[in-house]
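Observations on the model geometry
So the chains spell out like this:
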Amino acid sequence: MYKYTEKENIEEFLLSLDLLNCKNPKKYIKTLYALSNDIENCYKVFKIKKRNGKKRTIHEPKPILKHIQRKLLDNLLIERKISNYATAYQRGISLKNNVEVHTKKSVILKLDISNFFESISIIDVLDHAFPTVLFPLQIGMLFATLCTYDDHLVQGAPTSPYISNLIMFDFDEELGEWCKNNDIDYTRYSDDMTFSGSFDVRTVITKVKNLLKPLGLRLNYQKIHVIKHSQSQNVTGITVNEKIQIARKYRKKIRQSIYYIEKFGIESHLKYTKDRMTAEYYLESLRGKINYVLSIDNRNEEFKKYKNKVKKWRNEL
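All values reported here derive from a predicted model rather than from experimental measurement.

1. Things to note about unusual backbone geometry
Although it is not a glycine, Asp18 adopts a positive phi angle of roughly 55°. Structurally, Asp18 can be placed in the loop between helix H1 (7-16) and helix H2 (25-37). At Asp151, a position not held by glycine, the phi torsion is positive, near 70°.

So, in structure tokens, the structure goes:
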């Protein structure tokens, strides 16, 4: 891409990506740079409750920025190689791949990376997602800015998950090889790492801690879980003691959401639950949860119907 070093060639390359529904070349280029210069105002920021009662901050890109991010993901990022140990946001890899290797194991260790997306800086994004070996610096910085908020990745941008996998590639490969040599099964689903087998827990934790440090990442020591086979072994919401199955409580919550939306409507439901997220984000999140169930049980007719309902509601927004 070094031929795109002159201004005219850079603009030609940007236009070729079709990042905006705009036929006017000057307006197209001007809009991209205007958005990058005012990126903090291109997001809706809100908090949602986590299972532990605490709140998670979500940065939902406004429609024009979300469109651009999806184009960058589909046109430039999705074909880039990520580690096979990374089981989230990878084509051809499902949740089954994240959990099936951990069935019928004597011990499961679950580790969590603290403030995962927020700890990944715009420089990390530039170096790994849009490096100068592939893009001129001017274009790389533009794309990195369009994929970050306050100079870091955020939860809510469609590009954040895949970019995080690119950044974690060397980590996953080195840790995965070490685990393989020690008869330990390892997978990573976003910020959740799972290890299973027979091993010394402290040795694994120390290894992970040392590999995270050069990346500027650290473990969340409040989320270290060691689960023996005599206990309910749960990996990313799926029970894996003897066979793979979605937790009943998880499915029940989805049914409740569908019921209340059907009865009262999405806006009334969000108002009642005091959720500050947009209807679009809520339905997208609900769709993800339904797909989560179907990825494990693709013959579930009940949840196939739910998926169609959610699709219909999203189209009506």
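Text resumes after the structure shown.
2. Section: the packing of aromatic side chains
In the structure shown here, the tally under the stated rule is 13 aromatic pairs. When the centroid spacing of 5.1 Å and the interplanar angle of 25° are considered together, the rings of Tyr186 and Phe195 count as stacked. Through a chain of ring-to-ring contacts, three or more aromatic side chains come together here, namely Phe13, Phe130, Phe135 and Phe143.

3. Remarks on the state of the cysteines
Applying the stated criterion across every chain, the model contains zero disulfides. The thiol of Cys42 is unpaired, and the distance to the nearest cysteine sulfur, on Cys147, comes to 12 Å. Using a relative accessible area of 0% as the deciding quantity, one classes Cys147 as buried.

4. Overview of the pairing of strand E5 (residues 192-197)
Taken across its six residues, E5 has five buried, putting it largely inside the fold. Where strand E3 (residues 107-112) meets E5, six bridges bridge the pair, whose relative direction is antiparallel. Pairing of Leu109 across the sheet is with Phe195, part of E5. Bridge analysis of strand E4 (residues 184-189) against E5 gives six bridges, and the strand direction is antiparallel. Across the sheet, Asp185 pairs through a bridge with Ser196, a residue of E5.

5. Observations concerning the pattern of salt bridges
All told, the structure shown has 11 salt bridges when counted by the stated rule. Residues Arg287 and Glu284 are paired through a salt bridge, measuring 2.6 Å at the closest nitrogen-oxygen approach. Of the two residues, Arg287 and Glu284 both sit in helix H12 (residues 279-296), three residues apart, roughly one turn of that helix. Residue Arg287 is classed as partly exposed on the basis of its relative accessible area, which comes to 29%. The class of Glu284 is partly exposed, set by a relative accessible area of 24%. One salt bridge in this structure joins Lys304 and Glu301, with 3.5 Å as the shortest N-O distance. One end of the pair, Lys304, and the other, Glu301, are both in helix H13 (residues 301-316), three residues apart, so they sit about a helical turn from each other. Given the relative accessible area of 32%, Lys304 is considered partly exposed.

6. Topic: a positive patch on the surface
Among the surface-exposed residues, Lys44, Lys47, Lys49, Lys55, Lys274 and Arg276 lie close enough to one another that they form a single positively charged patch. For the positive patch, the element with the most residues is strand E1 (residues 43-49), which contributes three residues. Topologically, Arg276 is positioned in the loop between helix H11 (266-273) and H12. Judged by its relative accessible area of 62%, Arg276 falls in the exposed class.

Here is what the cut-offs are and how they apply
Residues numbered from 1 in each chain as written. Predicted model: local features only at pLDDT ≥ 70, side-chain atom pairs only at ≥ 80, totals over all residues. Heavy atoms only, no water. Helix = DSSP H or I, 4+ residues; strand = E, 2+ residues; numbered from the N terminus. Phe/Tyr/Trp six-rings, centres within 6.5 Å; stacked < 30°, edge-to-face > 60°. Disulfide = S-S within 2.5 Å. Buried < 20%, exposed > 50% of the residue type's maximum accessible area, 1.4 Å probe, protein only. Pairing = 2+ DSSP bridges. Salt bridge = Lys/Arg side-chain N within 4 Å of Asp/Glu carboxyl O. Patch = residues over 30% accessible without salt bridge, like charges linked within 9 Å, V, L, I, M, F, W, Y side chains within 5 Å. Areas by Shrake-Rupley, 256 points an atom, 1.4 Å probe, with all protein chains shown as cover. Lys, Arg positive; Asp, Glu negative; His and termini not counted. Charge placed at Lys NZ, Arg CZ, Asp CG, Glu CD.

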